[in-house]
Each structure stands twice: as structure tokens, then as C-alpha cells.
Amino acid sequence: MKLSDVAIVGVGVTPQEKRSERNSLQVALDAAKLALADAGLPHTAVDGIAARWPGPGGTDLAPGSADWSTLLGVPLRWIGDSYPQGVPALVDAAGALLTGQATTVLITGGQAGVLGGGRVASYTQPGNEFVAPFGAFTAAHFALVAQRHLARFPHARRGAAEIAATIRTTGSANPQAVMAGRGPYTADDVLAAPPVVDPFTLLDLCLASEGGAAVVVTTLERARDLPHPPVVLLGAGMEWLRQQYVDPARYEQAWSIGTAAARRAFGQAGVGPQDIHVAQLYDVNSLEVARQFEALGFCAEGEGTDFALATGIGPHGKLPTCTDGGLLSFSHIGWGAPTLKLAEAVHQVRGTAGDRQIPNAEIAAAAGAGSGAQYYNLALLGRAR
């Protein structure tokens, strides 16, 4: 078996909301049910899981008396709980499938029940050194990198605002987005929004919202018998500089993070940046999107915003980016956000994105994290042949 013998066969995304009446465990379970129904598989087909959960060996997740084996009512042959979301979880699941440790893996997660009462979402202020103890938050780490970049390339500030406006306008047209109907936006709207952390305004930064997301992964052989066209893993790469949000990110180290990961992913897939039809980049802020275009090889350093504007990253551009509205407008759900990127990539590749479907979207990039977090991951997904 090879990497492209691994297929995503089901996706599930719960309603995305600013405030949810459910908790994180409930929305993750809801997303899992949706993904399994989409795959046409019973819950008893699952024998592997990657999810943030209470054990064995996993992280705490209230209510702490629950575990996934009990919730699903099935014993599990394999678990992945080191980074159980998005691309890292998909890569781990692929390894489990290719080595026979599991036959069907569920990846699920999300965040809910943390934003009520005006409290800051927990994932924006982790309890790491230099973050919560000193009153910092995740956007400030990205801002450190952005400030240095804009000192070198001042023209990128307006270009970043254009990127944010484009993705937010895309999300405004998506009725499932948290920010549905709130656009269209212009670069001037972004620049004039309330400042949050220099150089970012409120409209430069992603949402902090609630909901769940899940995907189901199995072998291509099994996938061919299921309802939807299989979407296979063409290539993947990951890159970790250091523990996220501990030491402040330095531009010279962090701006290019993802370059090596992309080189591996494109090499495995046998394609290049020019072959990507849709890009589900991790749009945690406006300038981070431009950074990824540079790091992934679409253009040179300092040219990311110019590339986005010249190429067109909206639904009718040459490289539609964050086609559901992304983290900026669709939703950012903490631990579940990386899996949202996989879900939208799958919808686009298999042709089930509805009104936001991009014609002839055969190869998609799905990404996670970025410069301020000091790690990055990328997966290339494509139609099964």
C-alpha cells in the first residue's frame, strides 16, 4: 500500500456558532455522527480514533468521566492523541491504516461551552510560559512576526487587508458561516476596524467561535464501495520549530516555516504549487495567508500579497482560497479548526460544496498552524484515480 491508498470518505461539520449551548465533547460527538452518516458507515465500523479525549494517555476534556470507546460503544484497535486534529491526525491515521493497525479511523474535535459570559476562548490564551502568566494571547505572537515583515515590506499592509476582505466576503456569502451576510468587505473596512494588536485590526484576525468537525478515513479499496467519490491523500508534510506559544516567534526563524513541509508534500504527490486548484490555508490572520503563499513556493518572500491580488483568491480567481470563508469568517473552533480545513478540501475535491463549489477542483491543499505558533502542517488531497 502507498499513501494514496488512504482516503477520506466522510466529513461532518456541526452548526458553527458564536455561542453554543453544548460542550466540547458533545459537539465533537455530533460531528462524528455526521461524518459517519456522510460516509455511509455505522459507528461499529470505527476501530481507530484521533480525538482530544480523556484517555488512555490523552488530554483532559470535561466531562472527565467520559471516554470515546464508551461513547461509541466499540473497542478500539488504535488511538492517536498526540496532536489529534487536522493534518497531523490524518498523517497518523494514514500510518495506522498502512500498517494494519486500524481499518477505519475517525478524526473528530471541536470547542464549545467556553465563550459564554464574555470569557476569552481558552485556546487563544494557553497556560504556557509568556502567554497566560504575562497576559499575552496567541494573536500577539503572530503580530511579532508580522511587524518585522511589514518593516521590510511596508506595501504588504494594504495587500493583507485586501486578503482579509476577500476571504471575509467569501464567507459572507456562505449561509453556514458564523459571519454569513456580514459583507461584502473592502480593504478600507479592514484597515479602519478597531485595532487589536499592532499591526492587526479586528477584521485582520480570525474568529473565536464554537462547533465541531470530523472526518472518516479508510483504505481506498474500502472507499470505492462507499457513497461518495474517494478523496485520497496525495502527500503531506509537517514542520515543528519548537513548542507553540512559549518562546516568542522570531521572524528570521518563523516566516519561512512550512517550506520544508511543503517540499516533502509536493514531492510525495508529484505535483507543484501551480497544480493546486483550491487552497484551504490556515487563515488565522490576514498576513499569515500571504506568508503561506511565500513559504509554500507560490512566490518569493515579500511577494505574498502581490501574488494574492494578481492571482485572485476569491471564488472566481485562479486560486480560490478558504472557500468556505475560512477561520476569518466561517469559524475557528480551537482544536477542531484544523479539521475544518480538511472537511472543506474534501467537499471541493469530491464536488459536494454546493453553491460554493469551485469547478474542476481536483487537487486541494489543506494547512494548519503558522509562524506565530512556530509549527506548520500541509496535506495535498486529490480525486482517486
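Bear in mind that the values here come from a model prediction, so they are computed numbers and not experimental data.

Enquirer: Describe the sheet that holds strand 1 (residues 6–13), listing the residues and the values that go with them.
Expert: Strand order in this open sheet of 9 strands is 3-2-4-7-1-8-11-10-9, and the pairing throughout is mixed. The open sheet has two edge strands with one neighbour each: strand 3 (78–80) and strand 9 (278–280). Across this sheet, the average inter-strand angle for adjacent strands is 25 degrees, counted without regard to direction. Strand direction decides the pairing type here: strand 4 (residues 104–111) and strand 7 (residues 211–219), joined by 8 bridges, are antiparallel. Note on strand 7: the bridge partner recorded for Ile107 is Val215. Against the sheet, helix 9 (residues 259–269) makes contact with strand 8 (231–240) and strand 11 (375–383), and its axis sits at roughly 155 degrees relative to strand 8, the strand it touches most.

Enquirer: Could you give an account of the confidence of the model for the protein, naming the residues involved and the relevant values?
Expert: Close reading of the predicted structure is inappropriate where its pLDDT is low. Scored by pLDDT, the protein comes out at a mean of 91, with 91% of its residues at no less than 70. Here residues 55–59 scores under 50 on pLDDT; set against residues more than four positions off or in separate chains, the count is 8 contacts.

Enquirer: Can you explain the side chain of Thr201? Please cite residues and give values.
Expert: Position of Thr201 among the secondary structure elements: in strand 6 (residues 200–201). Exposure remark for Thr201: the relative accessible area of 6% places this residue in the buried category. In this structure Thr201 touches Arg157, Val190, Leu191, Ala193, Pro194, Pro195 and Val196, once residues within four positions along its chain are discounted.

Enquirer: Lay out the environment of Asn360 in plain terms, naming residues and giving numbers.
Expert: With respect to the secondary-structure elements, Asn360 resides in the loop between helix 13 (337–350) and strand 10 (363–370). In this structure Asn360 comes out as exposed when scored by relative accessible area, which is 59%. When the C-alpha atoms of Asn360 and Leu296 are compared, they prove to be 22 Å apart, with 64 residues separating the residues in sequence. The contacts of Asn360, once residues within four sequence positions are left out, are His277 and Arg383.

Here is what the cut-offs are and how they apply
- Residues numbered from 1 in each chain as written.
- Predicted model: local features only at pLDDT ≥ 70, side-chain atom pairs only at ≥ 80, totals over all residues.
- Heavy atoms only, no water.
- Pairing = 2+ DSSP bridges.
- Helix = DSSP H or I, 4+ residues; strand = E, 2+ residues; numbered from the N terminus.
- Axes fitted to C-alpha atoms, helices over the stretch in contact; angles between N-to-C directions.
- Contact = heavy atoms within 4.5 Å.
- pLDDT = per-residue confidence, 0-100.
- Buried < 20%, exposed > 50% of the residue type's maximum accessible area, 1.4 Å probe, protein only.

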